[in-house]
Amino acid sequence: MTDDSTPPRPATARSWLREHSELGVCVLLLVLGVLVLTDALTMNVDITQRGPVGPRTVPLVVGTGLLAVAVLLAVDVLRGGRGEAEAGEDVDLDAPADLRTVALLTGVFLAFAALIGPLGFPVSGALLFWGSAYALGSRHLDRDPLIAAGLSLLTYFVFDDLLGVPLPGGPLMGVL
């Protein structure tokens with residue numbers, strides 16, 4: 001019997017990190033936990049404290065939870081635990097990014113940010129919704145602007161009238 005298998009290659013630091021990429025999530029959770037706990041412990045609560053449960057309680061619980069999850073996940077990853085691959089999506093990781101779509105969406109969002117002041121939310125929101133639909137592939141030029149305008153007006157009325165969050169009305173302020 002002959003063994004035709006090739007000898008295993010020595011593991012490099014880069015390949016070890018690639019195999020344990022979940023440790024990046026652990027580091028992120030650890031940093032967030034430390035940040036939340038630091039903010040909670042440096043919070044000035046002398047005026048607002050009115051009993052054993054004050055404004056520090058929830059941040060302390062959340063920060064401690066983040067640290068605990070970071071440590072438990074790191075231990076699991078270092079013991080060989082791996083997250084299951086998503087079976088529901090068929091994504092080709094070797095395919096290049098669609099930079100045209102990203103550029104169109106970026107342009108639409110920047111235009112929205114620039115136009116919300118002078119045109120108000122109803123008009124700039126309609127442009128945002130229609131431009132996003134167009135950038136993502138919808139080519140119904142007769143239907144999409146109408147849906148975008150309706151969605152923008154509905155959003156404006158829900159936030160402005162029902163929730164009491166004032167949005168700029170722009171030139172339509174007297175009409176709406």
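Scope of this entry: the structure provided in the associated data block. (Residues numbered from 1 in each chain as written. Predicted model: local features only at pLDDT ≥ 70, side-chain atom pairs only at ≥ 80, totals over all residues. Heavy atoms only, no water.)

1. Focus on the nonpolar core
(1) Moving on: In terms of nonpolar packing, the biggest core is built from six residues, these being Val108, Phe112, Phe121, Leu128, Tyr156 and Leu167.
(2) Moving on: At four residues, helix H4 (residues 99-135) tops the list of elements feeding residues into this core. (Core = buried A, V, L, I, M, F, W, Y, C linked by side-chain atoms within 4.5 Å. Buried < 20%, exposed > 50% of the residue type's maximum accessible area, 1.4 Å probe, protein only. Helix = DSSP H or I, 4+ residues; strand = E, 2+ residues; numbered from the N terminus.)

2. Points about the environment of Ser152
(1) Moving on: Relative to the elements of secondary structure, Ser152 occurs in helix H5 (residues 144-162).
(2) Moving on: The exposure class of Ser152 is buried, given its relative accessible area of 0%.
(3) Moving on: Counting along the chain gives 29 residues from Ser152 to Val123, while the straight-line C-alpha distance between them is 7.6 Å.
(4) Moving on: Residues within four places of Ser152 in sequence aside, it is in contact with Phe121, Pro122, Gly125, Ala126 and Phe129.
(5) Moving on: Side-chain polar atoms of Ser152 contact the backbone oxygen of Phe121, separated by 3.4 Å.
(6) Moving on: A polar contact of 2.7 Å, which involves the side chain of Ser152, links it to the backbone oxygen of Pro122. (Contact = heavy atoms within 4.5 Å. Polar contact = N/O pair within 3.5 Å; in protein donor to acceptor, adjacent residues only side chain to side chain.)

3. Things to note about H5
(1) Moving on: Between its terminal C-alpha atoms H5 stretches 26 Å, which fits the 27 Å expected from 19 residues at 1.5 Å a residue.
(2) Moving on: For H5, every residue scored as buried is listed here: Asp144, Ala148, Ser152, Thr155 and Tyr156. One side of H5 holds all its buried residues, which, seen down the axis, span an arc of 100°. Exposed side of H5, more than 90 degrees from the buried face: Leu146, Leu154, Asp161 and Leu162 are the residues found there. (Expected span 1.5 Å × (residues − 1). Arc of directions from axis to C-beta.)

Shape descriptors only; they carry no functional weight alone.
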